[in-house]
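Report on the structure
These are the residues of each chain, in order.
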Amino acid sequence: MTKISVIVPVYNVEAYLPKCISSLVKQIFTDFEVILVNDGSTDSSAELCESYADQYPLLIKSYTKPNGGLSDARNFGMQYATGQYVMFLDSDDHLAPNALTNMYALTNEGNKKIVECDFYWEYPDKKIKDQAPKYVSLKDYMIRGRVVAWNKLYLRTWLLDTKVKFPKGKLYEDQDFFFKLVTYLTDITEVAVDRECEVYYVQRQTSISYSETTRIAEILWIYQDIIDFYQTKGLFETYYLELEYRFVRNLLGNVLLRKVVKLKDKQLKRQLLDQIWQQKKIWFPDFAKNPYLRQKSKVDLYLRCINPLTYRLFYL
């Protein structure tokens, strides 16, 4: 058994895959495997995957499947993973040379279920550090944790036991994965944080982060799926305030301000605005009373100011 399996979903990334693979080949850490999952690419990505597997037969394995999306490719790759830990690395991102060395050193010989690292947002002209706070509890992790899947090592046997998978064919799949997995942690001490920026999260206009705007509403499907999951496990009341704060903060912050407000299609914009507000009222009618809103930050000040009147200003 190897120590780490790195699963890399690949779809039409011929311009980015070489840098990703180069960063894996150059890792100081040696006891790991790379599982490339060609998800029905229509460019030369498939050929690249096969050539890398031929060039590095002891390190890289390549598999091809019909196109099913990022989640499906990640789930597919899991069946071939043999490592003690699993990492999901996106094929347009890349790692620092000591990434796997530093992250594995924090696993405490298999006693940590999740090891996450800091990372860079890499733009064409700059890099921005994304640094984790000090998590003090599981509820704090739900409030402030980075939901992305690609900056973490997961204990493979634990991950398989949870039976949590990425939702096929949906955007915002990392949020679904993160919030479900948290319920299988017993204490925040099972999570370790590497304070070095190990992943370069490449920002590009054609990446999944910039998918068509008509799919923005899928975040509502994701949140309903998470809420249903918590209710089934009898945990919805236990974590209600945390889910309420995190979900509404994302809906009225990231989704609303960064995506919906910028839409040029006024009809679609109004439709999404209505959907978000109506769903917030159904799920979390008393959000204004959430105790986490008392935090002294610009974001919380903004959230405290949102009401039916101020919200309508976004329609303009």
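Just so we're clear, the structure is a prediction, and the values are computed from it rather than from any experiment.

**Focus: the overall build of the protein chain**
When helices and strands are tallied, the protein chain shows 12 helices and 9 strands. Relative to the 2.2 N^0.38 estimate, which gives 20 Å for 316 residues, the radius of gyration of the protein chain is 20 Å and therefore close to what a compact globule would have. Once the C-alpha set of the protein chain is aligned to its principal axes, its extents read approximately 60 × 45 × 40 Å. Within the span of the protein chain, comprising 316 residues, buried residues form 56% of the whole. Counting contacts in the protein chain only where the partners sit at least 6 residues apart, residues at least 24 apart contribute 81% of the total. When the 43 basic and 39 acidic side-chain charges of the protein chain are each reduced to a single mean position, those positions are 7 Å apart.

**Looking at the packing of helix 8 (residues 218–232) against helix 10 (residues 266–283)**
It is the contact of helix 8 with helix 10, at a shortest axis distance of 11 Å, that shows an interaxial angle of 10 degrees. Taken together, the axis directions place helix 8 and helix 10 in an arrangement best described as roughly parallel. The segment helix 8 lies against helix 10, with L220, Y223, Q224 and I227 engaging Q275, Q279 and W283. Tallied by class, residues from the contact of helix 8 with helix 10 come to 4 nonpolar, 3 polar and no charged.

**Quick word on the pairing of strand 3 (residues 60–65)**
Pairing of strand 2 (residues 32–39) with strand 3 involves 6 bridges; the strand directions are parallel. In the sheet register, V37 faces strand 3, and the bridge partner there is Y63. A crossover connection joins strand 2 to the parallel strand 3 through helix 2 (residues 45–55); in handedness this β-α-β unit is right-handed.

**Remarks on unusual backbone geometry**
A positive phi is found at N108, a non-glycine position, where the angle reads about 55 degrees. On the basis of relative accessible area, N108 is assigned to the partly exposed category, the value being 44%. The phi torsion at K163 lies on the positive side, around 65 degrees, for a residue other than glycine. Looking at the element boundaries, K163 is found in the loop between helix 6 (156–162) and helix 7 (173–182). Judged by its relative accessible area of 69%, K163 falls in the exposed class.

**Overview of the pairing of strand 7 (residues 126–130)**
The pairing of strand 6 (residues 114–123) with strand 7 spans 5 bridges and is antiparallel. By the bridge assignment for strand 7, W121 is matched with I128. Taken together, strand 6 and the strand that follows it, strand 7, pair antiparallel across an intervening segment of 2 residues.

**Describing the nonpolar core**
Within soluble globular proteins, side chains that are nonpolar tend to cluster in buried spots. Counting 107 residues, the largest nonpolar core has L24, Y230 and Y311 as its most contacted members. Residue contacts for Y230: discarding those within four places in its chain leaves M142, F179, T183, L235, F236, Y239 and L243.

**Details of the packing of aromatic side chains**
For the structure shown, the criterion picks out 33 aromatic pairs. With a centroid separation of 3.8 Å and an interplanar angle of 15 degrees, the aromatic rings of Y63 and Y80 are classed as stacked. With a gap of 17 residues between them, Y63 in strand 3 and Y80 in the loop between helix 3 (70–78) and strand 4 (85–88) connect regions that are remote in the sequence. Since its relative accessible area comes to 21%, Y63 is described here as partly exposed.

**Observations regarding helix 1 (residues 17–25)**
All of the buried residues in helix 1 are L17, C20, I21, S23 and L24. For helix 1, the arc enclosing every buried residue in end-on projection is 155 degrees, short of the 170-degree limit, so these residues lie on one face. Considering only its buried residues, helix 1 is in contact with strand 1 (4–10), strand 2, helix 2, strand 3 and strand 5 (94–95).

**Observations concerning empty space enclosed by the protein**
Scanning the entire structure with this criterion turns up 1 cavity of 30 Å³ or more. In this model, the largest cavity occupies a volume close to 50 Å³. In terms of lining, the largest cavity is formed by I114, V147, V148, A149, K152, Y154, F177, F178, L181, V182 and L185. Counting residues per element, the ones that place at least two in the lining of the largest cavity are strand 8 (152–155) and helix 7. Considering each element in turn, the lining of the largest cavity owes the most residues, 4 residues, to helix 7. Tallied by class, residues from the lining of the largest cavity come to 10 nonpolar, no polar and 1 charged.

Conventions adopted
Within every chain, residues take consecutive numbers counted from 1 along the sequence as written. Where totals are concerned, whole chains, interfaces and linings use all residues; where local detail is concerned, this predicted model gives features only for residues with pLDDT of at least 70, and gives and counts side-chain atom pairs only at 80 or more. To obtain the side-chain values, all non-hydrogen atoms of the structure were included, while hydrogens and water were left out. Strands here are runs of E lasting at least two residues and helices are runs of H or I lasting at least four, both read from the DSSP assignment and numbered beginning at the N terminus. Taken over C-alpha atoms, the radius of gyration is set against a globule rule of 2.2 Å times the number of residues to the power 0.38. The cut-offs for exposure are 20% and 50% of the maximum accessible area for each residue type, with area from a 1.4 Å probe on protein chains only; residues under the lower value are buried, those over the upper are exposed, and the others partly exposed. Whether two residues are in contact is decided by their heavy atoms, any of which lying within 4.5 Å being enough. In this tally, Lys and Arg are treated as positive and Asp and Glu as negative; His is ignored, and so are the chain termini. Here the site of a charge means NZ on Lys, CZ on Arg, CG on Asp, or CD on Glu. Helix axes use the C-alpha atoms of the stretch in contact, all axes being lines fitted to C-alpha atoms, and the angles between their N-to-C directions lie in the range 0 to 180 degrees. Our angle categories are set so that under 35 degrees counts as roughly parallel, over 145 as roughly antiparallel, 65 to 115 as roughly perpendicular, and the remainder as oblique. Residues were grouped as follows: Ala, Val, Leu, Ile, Met, Phe, Trp, Tyr, Cys and Pro as nonpolar; Asp, Glu, Lys and Arg as charged; and all remaining residues, including Gly, as polar. Strand pairing is assigned whenever DSSP identifies at least 2 bridges connecting the two strands. By definition, the crossover connecting two strands over a helix is right-handed if that path, from the first strand to the second, turns clockwise as seen with the strands pointing away from the viewer. In this description, a nonpolar core means a group of buried Ala, Val, Leu, Ile, Met, Phe, Trp, Tyr and Cys residues linked to one another through side-chain atoms lying within 4.5 Å. Only rings of Phe, Tyr and Trp enter the pairing, Trp through its six-membered ring, and a pair is recorded when the two centres are within 6.5 Å. The plane angle decides the type: under 30 degrees is stacked, over 60 is edge-to-face, the rest tilted. It is the directions from the helix axis to the C-beta atoms whose arc is reported. Any residue with an atom within 4 Å of a point lines the site, the site being either a cavity, points on a 1 Å grid over the protein atoms alone where a 1.4 Å probe fits but cannot get out, or a pocket, an open set with protein on both sides within 12 Å along at least 5 of 7 lines. Grid points are joined across faces, edges and corners, and a volume is the space filled by probe spheres set on the points.

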